[in-house]
Amino acid sequence: MSVPADQLPVGIAACECLTPLGDAAATHAALLAGTRALRMTPVLGREGGDPVPLALLGPMDESLPPRWLADLRRLAARIPAAAWGTSRTPVVVTSSNFGVGSLHAFTRDRDPRHVAHGTPFASVELLRKEFGWGEQVHVFSHACVTAHLGLAHAARLLHAGLAERVLVFSYDFVSPFVAGGFHSLKILNGLMPAPYAVRETGAIGLGDGAAFAVLTRDGGPFYIAAHALHNEMYHFTGNEPAGAGFAACAAAIAAAAGGRRVWIKGHGTGTLEAGRLEAGELFRQFPDAPLTGWKGSLGHTLGSCGLVELALAIAAVRGGRIPGTVGGESPAFSGNVALQSFDGAAYDGAVLSANAFGGAHAAMLLAHD
Amino acid sequence: MSDPLLLQLKTLVVATLNLADFRPEDIPDEEPLIGSPRLGLDSIDALELVLAIEKKFGVKIGSSEESRSALASIGTLAAYVRSQKPDA
């Protein structure tokens, strides 16, 4: 059953990201060139382990202060000035990792200073103080659809008249703890990801990423016109085998996108079953829309992927050229997978989707004048 | 049960997953391990089993597809372990 999408349009006053390839403009340029940020790296960092594809902003080891703080300072310097964290201009922080790598470092080193920013709320509190935000900070975490939920929440705050502007801020940095977990599931393995490719073995990469967006009630050249959210609640890690969750979410966002000429930035991690189901359902709803995905270059930035890839989608539209599926191969799961970059001029919108453990699915409609 | 590896693997499954209602010899060699209504194992159990098997036998399962194929039954699991450790 498909739940109708939230159609609460909000303007995007600012949006930026940070990846191992640089800011949104630099990352967009690198994706157009087919650059892979992923590098084969020992899964447990300095502790070694099998080589797996990781895209990192720095060595994967938890330092004091945590390695992500300097990168987030760099990103936060680009947030437009406002009294962020007050009732009319709240902050929504989204992450699936927060400072979990520091908890791993604590178990390894027994240095209590790691714990000070290891838990989700301690990690956000560090950012709040660092960036001078007030107390109105909402924290969201729901696996890999986290940023989508944060953006949808911000749209609801704006439409309910509870805020004038909302800063949505997302960050996820890979740690040995998280890389080791995905490696245990064997979906992070010795292969580079090839999103949507029909091949014998699936593989994902993981990546560092952070991003922010400032949302307003006023329209702008770019706005988020709709959000579709669906949770099939089938299993912790598995999708409903027939793809019912993918279908419900795709149908809802397709109904909201009716009449628009869209391209699609899919989730496309590189796993086989989810890739097949995702590509199949998106093709069913959008047979004429090219489908692209960028995790074959940047790796999966987990809970932040929705916001990182929103910033990249905006950079792509601004630049007039949409990057193709880096790392993709032919044959693909559906006929609309774009392996090469394509001209953005023919479109007036984009569907951006994400899928998560727990059978959670999300999509948003990015529109522009 | 003639192959001692089969009993070793069944014992490992019962112990790793705390299957209190099962004795190792209650698990037929060809019964599906994952998705079987009788055993009730799921993908989280599969993750635990893979780690236990890698640790006990010193084998490496390379991908989720390989893991799914190896864990089809005790019989396929024994064949997988033996393909990497012929003396197991």
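Residue positions are counted from 1 within each chain, in the order its sequence is given. Chain letters start at A and ligand numbers start at 1, both assigned in the order the entries are written. Only residues with pLDDT of 70 or above have their local features reported here, since the model is predicted, and side-chain atom pairs are shown and tallied only from 80 upward, although totals for entire chains, interfaces and linings are computed over all residues. Where side-chain values are given, they derive from all heavy atoms of the structure, hydrogens and water being excluded.

K.L.:
What exactly am I supposed to notice about the interface of chain A and chain B here?
P.N.:
Reports of interface size often rely on the accessible area that becomes lost once the parts have come together. With 14 residues of chain A at the interface, the matching set in chain B holds 14 residues. Surface buried jointly by chain A and chain B totals about 1000 Å² across both partners, of which 55% is contributed by carbon and sulfur atoms. Sorting the residues of chain A by area buried against chain B places Ser184, Lys186 and His235 of chain A first, and these three jointly supply 46% of that buried surface. Any carboxyl oxygen of Asp or Glu that lies within 4 Å of a side-chain nitrogen of Lys or Arg is treated as forming a salt bridge with it. Between chain A and chain B we count three salt bridges in total. Any N or O atom pair separated by 3.5 Å or less is treated as a polar contact, with the protein-specific requirement of one donor-capable and one acceptor-capable atom, and with residues adjacent in sequence counted only for side-chain atom pairs. Inspection of the region where chain A meets chain B yields five residue pairs in polar contact (both at pLDDT 80 or more). For this classification, the nonpolar set comprises Ala, Val, Leu, Ile, Met, Phe, Trp, Tyr, Cys and Pro, the charged set comprises Asp, Glu, Lys and Arg, and every other residue, Gly included, is treated as polar. Within the side of chain A that touches chain B, the residues separate by chemical class into four nonpolar, six polar and four charged. Every residue pair with non-hydrogen atoms within 4.5 Å of one another is taken to be in contact. Two parts lose some accessible area (1.4 Å probe) when they are put together, and adding that loss for both gives the buried area.

K.L.:
How should I be thinking about the pairing of strand S4 (residues 51-55) of chain A in this particular structure?
P.N.:
Within a regular strand, side chains alternate between the sheet's two faces. Residue and element names in this part refer to chain A. With four of five residues buried, S4 lies mostly within the body of the structure. A pair of strands is labelled paired if DSSP reports no fewer than 2 bridges between them. In DSSP terms, a helix is any run of H or I states spanning at least four residues, a strand is any run of E spanning at least two, and both are numbered starting from the N terminus. Sheet analysis places strand S3 (residues 39-42) next to S4, joined by four bridges and oriented antiparallel. When the bridges of S4 are listed, methionine 40 appears paired with proline 53. Across two bridges, S4 lies against strand S8 (residues 206-207) in parallel orientation. What sits directly across from leucine 54, in S8, is leucine 206. Categorising residues by exposure relies on relative accessible area from a 1.4 Å probe, with only protein chains included: less than 20% of the type maximum marks a residue as buried, more than 50% marks it as exposed, and the intermediate range marks it as partly exposed.

K.L.:
Explanation requested: the pairing of strand S1 (residues 10-19) of chain A in the structure shown.
P.N.:
All names here are of chain A. Taken across its ten residues, S1 has nine buried, putting it largely inside the fold. Pairing analysis gives two bridges linking S1 to strand S10 (residues 222-231), with the strands arranged antiparallel. Along S10, the bridge assignment pairs glycine 11 with tyrosine 223. Summarising the sheet, S1 and strand S9 (residues 209-216) pair through seven bridges and their orientation is antiparallel.

K.L.:
What exactly am I supposed to notice about the pattern of salt bridges here?
P.N.:
Side chains bearing opposite charge may pair, as long as their charged atoms lie close to each other. All names here are of chain A. One pass over the full model with this rule turns up 30 salt bridges over all chains. Arginine 128 is the partner of glutamate 125 in a salt bridge, and the nearest nitrogen-oxygen pair spans 2.8 Å. Within this pair, glutamate 125 and its partner arginine 128 are both found in helix H4 (residues 120-131), separated by three residues, close to a single helical turn. According to the relative accessible area criterion, arginine 128 is buried, its value standing at 12%. One salt bridge connects arginine 260 with aspartate 348, and the closest N-O pair in it is separated by 3.8 Å. In this pair, arginine 260 sits in the loop between helix H7 (244-256) and strand S11 (262-265) while aspartate 348 sits in the loop between strand S14 (342-343) and strand S15 (349-356), placing the two residues 88 residues apart along the sequence. Among the ionic contacts, a cluster of salt bridges with common partners joins Arg46, Glu47, Asp61, Arg108 and Asp109.

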